Amino acid sequence: MSSTSYEVRGNVAVITLANPPVNGLSYELRCGVVAGIDRAASDAAIKAVVLIGNDRAFSGGADIREFGSRLAFAEPNLPTLIDIIERSTKPVIAAIAGACMGGGFELALGCHFRLAKPDAKIALPEVKLGLIPGAGGTQRAPRILGVETALNLMAKGDPVPAVAFKGTVLIDEYVDGDLLPAAIAFAEKVVAEGRPLRRVSEMKIDYPNHEAFLQFARNMIKGIAGPFPAPAKCVDAVAAALTKPFAEGMKVEREIFVSLMGSPESRALRHLFAADRAASKIPDVPEDTPTRTIAKVGVIGAGTMGGGIAMNFLNAGVAVIMLEMKQDALDRGMATIRKNYESTLKKGKLTQEKFDTRMGLLAGTMSYDDLKDCDLIIEAVFEEIGVKEAVFKKLDEVAKPGAILASNTSTLDLNTIANFTQRPQDVVGMHFFSPANVMKLLEVVRGSATAKDVLATVMAIAKKIRKNAVVSGVCDGFIGNRMVLHYVRMAVALVDEGATPAQVDRALEKFGMIMGPFRMSDLAGNDIGWHIRKRHYIERPDISYSKLADRLCEAGRFGQKTGKGWYAYPPGARKPEPDPEVEAMIVAWRAEQGITPRKISNDEIVERCVYALVNEGARLLDEGIAARASDIDMVYLTGYGFPMHRGGPMLYADEVGLYNVARRMREFAIASGDNFWEPAPLIARLAADGKSLT
Ligand code: NAD
């Protein structure tokens, strides 16, 4: 099917954009519009042109299927197309409904008149990919919207309903009813009146004292843009619109656009965008795999995780029943959920109506019989295999055929759990992160028997509860925790060698991690790592741990929950304070081990900790536990506070260059004698071939 159509209504030509799902501005679509404009120009009977999409989208902007391909910029490219439209001597009217974003909005700005549904969504979201509008948006938007409104639109990148632009000349008429007849009627009116064409590029910007405004805008943006350069570049582009003729402003826009395209920050955001889309695709599970209906969810265990998990579904309008063994535990769990919602209600972030709906969808029970009609049952009981066994055997007895049985286990073998039932094909891991109602990451753990439609269903429900789902194979720690173990292990080794916990945290926080490894461990509870290490001392003698962390745990320093961990947390204070007691423990530990402390640079701290993630991540890829490097990056960006502007550990390694990363790893191997540092086969191979992970 062609991506545009052309039809004649009286003396008006209608060009309809038809490139599902959002009328992305593909090469074929661009050619189609140019052909339509040319046809209208050469037909004396045609007096005006209407450009229209459908109810869902006028146009959502560039066609992402062309990203990275030659077609994305092939002529007629978007600036050329917009130029052709604007120079048309017959009036061109954009009729806008639904999404009108990015290149789509720039296309509309090339038209001489615009009609819109009040709720049409207008946006220049390029900053979200680390870019600025690149088809005249930065030059035309200030001319027609005014400098402040235009800058707001492009520096924030958020969609704004068309009606919000009332008072500007952007929209000539708002249309509540049918858009096409209204657009044709408007076109006829323009023709009848002989209304002069309004070419936005020819509009003058009158903004006295713009220097002061630009300075103010630069200061504002500096405060909110963090490490991203694009928002400040929007100001530079708008400054060009204010001070230069249109054609020169366009050149400035182009130069900025091209330079941002090559910036690591934009590469990181584009990587994240693509990673997000890729993560929902499972290589051997076709996209049209039928999914099971999930109308009611059971949650076993109303503790820390169970309560948070339940809230995700309640928020999405799905009924939940929580099961506990004892009445007081059930009451506590239910009360916690209520308290959480009440506090959101008090803050005015939840309406009473929504509060009532959500609480109305929640039920509690102590009887497995009440789970009979659940479509999905998620277990979040104590992390003990015996307890899990009892729960899954019971579930196997009571759950209806076809119900999905999920475990939130962090460390136990999902295949073992699946085999407690007679239906391992219906068992899957749903590994939420704490707090489960807040954290975006969901690791979907695929057991060796997990059915494809179970995976497809869980991925779909993850989207419904607004999680970033990433599929992981079964292994100790899955993707995230298996990697983080080595990251924390390196952090402790660095302290052994001479760094302080605060220095390690500062170095990694400066790199951009939301929280350094010691603050993170104190928050999560140092006893969790201790528990895992004790198991590893037996099962995994190949992993070499410093016992310094055990010393802390032996002294009861479990972190925030006990008021002391790697730092001290005096009552009432959540801010960590370096603790002389810990310093003394470190000094004593080094002396016992015969370690002479050395000065360690911040660069070494970042390299050792981040490359530890990279090496273990590459092993996960080698083993097929993770399907793609970008899945690993998604896990780190959404679950572990890895800095967005670096795009995740795997993209970061590519940015440094795998050759350089592998060399450093070999240096660490020699210096530490830790065989972990032998580069993973995948890294060695790619580095030797000059290739990258992502
Ligand atoms: P928790 O101790 O806060 O809650 C466990 C709840 O399960 C308790 O309320 C307990 O009464 C209940 N329970 C125990 N046995 C039961 C049974 N047989 N039937 C019904 N209820 C039972 O623990 P949690 O932190 O919520 O962890 C639960 C699971 O989630 C564990 O498998 C854990 O590994 C996993 N997990 C925890 C975290 C975390 O950060 N806490 C993160 C990811 C996954």
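Residues numbered from 1 in each chain as written. Predicted model: local features only at pLDDT ≥ 70, side-chain atom pairs only at ≥ 80, totals over all residues. Heavy atoms only, no water.

### Overview of the sheet that holds strand β7 (residues 113–116)
Then, number 1: Taken in spatial order, the six strands of this open sheet run β1-β2-β3-β5-β7-β10, and their pairing is mixed. Each of the sheet's edge strands pairs with one partner strand only, and the pair in question is β1 (4–9) and β10 (173–174).
Then, number 2: The pairing of β7 with β10 spans two bridges and is classified as parallel. Bridging across to β10, Ala116 finds its partner in Tyr174.
Then, number 3: Docked against the sheet, helix α6 (residues 179–193) engages β1, β2 (12–17), β3 (48–52), β5 (92–96), β7 and β10, running at close to 155° with respect to β3. (Pairing = 2+ DSSP bridges. Helix = DSSP H or I, 4+ residues; strand = E, 2+ residues; numbered from the N terminus. Contact = heavy atoms within 4.5 Å. Axes fitted to C-alpha atoms, helices over the stretch in contact; angles between N-to-C directions.)

### Structural notes on the pattern of salt bridges
Then, number 1: Across all of its chains, the model carries 45 salt bridges by this definition.
Then, number 2: When the shortest N-O distance is used, the salt bridge between Asp172 and Arg198 registers 3.0 Å. With Asp172 in the loop between β9 (160–161) and β10 and Arg198 in the loop between α6 and α7 (210–225), this pair connects stretches of sequence that are 26 residues apart.
Then, number 3: Judged by relative accessible area, Asp172 falls into the partly exposed class, the value being 22%.
Then, number 4: Here Glu383 and Lys388 are joined by a salt bridge, their closest N and O atoms 3.4 Å apart.
Then, number 5: Each of Arg482, Glu616, Arg619 and Glu623 takes part in salt bridges that share partners, so that together they form one network. (Salt bridge = Lys/Arg side-chain N within 4 Å of Asp/Glu carboxyl O. Buried < 20%, exposed > 50% of the residue type's maximum accessible area, 1.4 Å probe, protein only.)

### Re unusual backbone geometry
Then, number 1: The omega torsion across Pro20 and Pro21 is 5°, close enough to zero to call that bond cis.
Then, number 2: Within the fold, Pro21 resides in the loop between β2 and α1 (27–41).
Then, number 3: Geometrically, the link from Ser434 to Pro435 is a cis peptide bond, its omega value of -10° lying close to zero.
Then, number 4: Mapped onto the elements, Pro435 comes out in the loop between β16 (427–432) and β17 (441–446).
Then, number 5: Here Asn23, not a glycine, exhibits a phi torsion of approximately 55°, which is positive.
Then, number 6: One can find Asn23 in the loop between β2 and α1.
Then, number 7: Positive phi values are uncommon outside glycine, yet Phe478 reaches one of about 50°.

### As for the domain arrangement of the protein
Then, number 1: Along its sequence, the protein is carved into domain 1 (4–261), domain 2 (296–472) and domain 3 (480–689).
Then, number 2: Each of domain 1 and domain 3 was reduced to a C-alpha centroid, and the two centroids are 48 Å apart. (Domains from an automatic or database assignment.)

### A short note on the pairing of strand β18 (residues 468–473)
Residues in a regular strand project their side chains so that they alternate between the two faces of the sheet.
Then, number 1: Counting buried residues along β18, six of its six residues qualify, which places the element largely inside the surrounding structure.
Then, number 2: Neither face of β18 is open: one carries Asn468, Val470 and Ser472, the other Ala469, Val471 and Gly473, and all of them are buried.
Then, number 3: With six bridges connecting them, β17 and β18 associate as parallel partners. Its bridge partner being in β18, Leu442 is matched across the sheet by Ala469.
Then, number 4: Regarding the hand of the β-α-β motif, the stretch spanning β17, helix α16 (residues 452–464) and β18 is right-handed. (Right-handed = clockwise from strand over helix to strand, strands pointing away.)

### Some words on the packing of helix α17 (residues 478–497) against helix α24 (residues 629–639)
Then, number 1: The geometry of α17 relative to α24 is characterised by a closest axis approach of 10 Å and an angle of 75° between their N-to-C directions. Comparing their axes, α24 and α17 come out roughly perpendicular. In this structure, α17 contributes Ile479, Gly480, Met483 and Val484 to the contact, and α24 contributes Ile632, Val635 and Tyr636.
Then, number 2: Residue composition of the contact of α17 with α24, by class: six nonpolar, one polar and no charged. (Parallel < 35°, antiparallel > 145°, perpendicular 65-115°, else oblique. Nonpolar A, V, L, I, M, F, W, Y, C, P; charged D, E, K, R; others polar.)

### Regarding the packing of helix α5 (residues 147–156) against helix α8 (residues 230–243)
Then, number 1: Running from N to C, α5 and α8 point in directions that differ by 150°, and their axes come no closer than 9 Å. Taken together, the axis directions place α5 and α8 in an arrangement best described as roughly antiparallel. Every pair of crossing elements has a handedness; the one defined by α5 and α8 is right-handed. Contact residues: α5 offers Val147, Leu151, Met154 and Ala155, while α8 offers Pro231, Cys234, Val235, Val238 and Leu242. (Left-handed = near helix turned anticlockwise from the far one by under 90°.)

### Topic: the state of the cysteines
Then, number 1: Per the stated rule, a full pass over the model turns up zero disulfides.
Then, number 2: As a non-bridged cysteine, Cys111 has Cys100 as the owner of its nearest cysteine sulfur, 9.2 Å distant. (Disulfide = S-S within 2.5 Å.)

### A short note on the site of the ligand
Then, number 1: As a structural note, the neighbourhood of the ligand is formed by 22 residues, with Met305, Glu324, Glu383, Lys388 and Asn408 the closest of them.
Then, number 2: Within the side chain of Glu324, a nitrogen or oxygen atom sits 2.5 Å from an oxygen atom of the ligand.
Then, number 3: Protein coverage of the free-state accessible area of the ligand, which is 830 Å², stands at 78%.
Then, number 4: It is helix α14 (residues 385–398) that contributes the most residues to the shell around the ligand, three residues altogether.
Then, number 5: For the shell around the ligand, the per-class residue count stands at eleven nonpolar, eight polar and three charged. (Near = heavy atom within 4 Å. Polar contact = N/O pair within 3.5 Å; in protein donor to acceptor, adjacent residues only side chain to side chain. Areas by Shrake-Rupley, 256 points an atom, 1.4 Å probe, with all protein chains shown as cover.)

### Section: the environment of Gly386
Then, number 1: When you line up the elements, Gly386 lands in helix α14.
Then, number 2: On a C-alpha basis, the gap between Gly386 and Thr16 in space is 63 Å, while along the polypeptide they are 370 residues apart.

### A word on helix α11 (residues 304–315)
Then, number 1: With twelve residues, α11 extends 17 Å between its outermost C-alpha atoms, agreeing within 8% with the 16 Å of an ideal straight helix rising 1.5 Å per residue.
Then, number 2: Within α11, ten of the twelve residues are buried, which leaves it mostly tucked inside the rest of the structure.
Then, number 3: The complete set of buried residues in α11 reads Met305, Gly306, Gly307, Gly308, Ile309, Ala310, Met311, Asn312, Phe313 and Leu314.
Then, number 4: Immediately downstream of α11, the backbone of Gly317 shows phi near 80°, a positive value. (Expected span 1.5 Å × (residues − 1).)

### What about the environment of Lys189?
Then, number 1: Take Lys189: it is sitting in helix α6.
Then, number 2: Setting aside its immediate chain neighbours within four residues, Lys189 contacts Glu173 and Arg195.
Then, number 3: A polar atom in the side chain of Lys189 sits 2.8 Å from the side chain of Glu173.

### Topic: the nonpolar core
Most often, soluble globular proteins have nonpolar side chains that are buried together.
Then, number 1: Core analysis: the largest hydrophobic core is formed by 73 residues, its most contacted members being Ile479, Val504, Leu508, Trp566, Trp677 and Leu693.
Then, number 2: For this core, the leading source of residues is helix α23 (residues 602–622), giving eleven residues.
Then, number 3: In contact with Trp566, not counting residues within four places along its chain, are Val492, Pro501, Phe518, Ser521, Asp522, Asn526, Leu548, Ala549, Leu552 and Val582.
Then, number 4: Core analysis: the second largest hydrophobic core is formed by 66 residues, Leu25, Ala40, Ala120 and Leu242 among them. (Core = buried A, V, L, I, M, F, W, Y, C linked by side-chain atoms within 4.5 Å.)

### What about helix α25 (residues 649–656)?
Then, number 1: Among the eight residues of α25, six are classified as buried, and the element is accordingly described as predominantly covered.
Then, number 2: All of the buried residues along α25 are Pro649, Met650, Leu651, Tyr652, Ala653 and Asp654.
Then, number 3: Contacts from the buried residues of α25 go to α10 (264–279), α17, α18 (501–511), α23, α24 and α26 (658–672).
Then, number 4: Trailing α25 by a residue or two, Gly657 shows a phi angle of about 105°, which is positive.

### Here we look at the packing of aromatic side chains
Then, number 1: Evaluated as defined, the whole model comprises 13 aromatic pairs.
Then, number 2: The interplanar angle of 55° and the centroid separation of 5.6 Å between the aromatic rings of Tyr207 and Phe213 together place this pair among those described as tilted.
Then, number 3: Of the residues examined, Phe213 reaches a relative accessible area of 13% and is grouped as buried.
Then, number 4: Between Tyr636 and Tyr640, the ring centres sit 4.4 Å apart and the planes meet at 20°, which makes this aromatic pair stacked.
Then, number 5: Given a relative accessible area of 1%, Tyr636 falls into the buried group.
Then, number 6: One aromatic cluster is present, built from ring pairs that chain together Tyr207, Phe213 and Phe216.
Then, number 7: Lying over the aromatic face of Tyr174, Lys166 brings its terminal NZ or CZ to 5.3 Å of the ring centre. (Phe/Tyr/Trp six-rings, centres within 6.5 Å; stacked < 30°, edge-to-face > 60°. Lys NZ or Arg CZ within 6 Å of the ring centre and 35° of its normal.)

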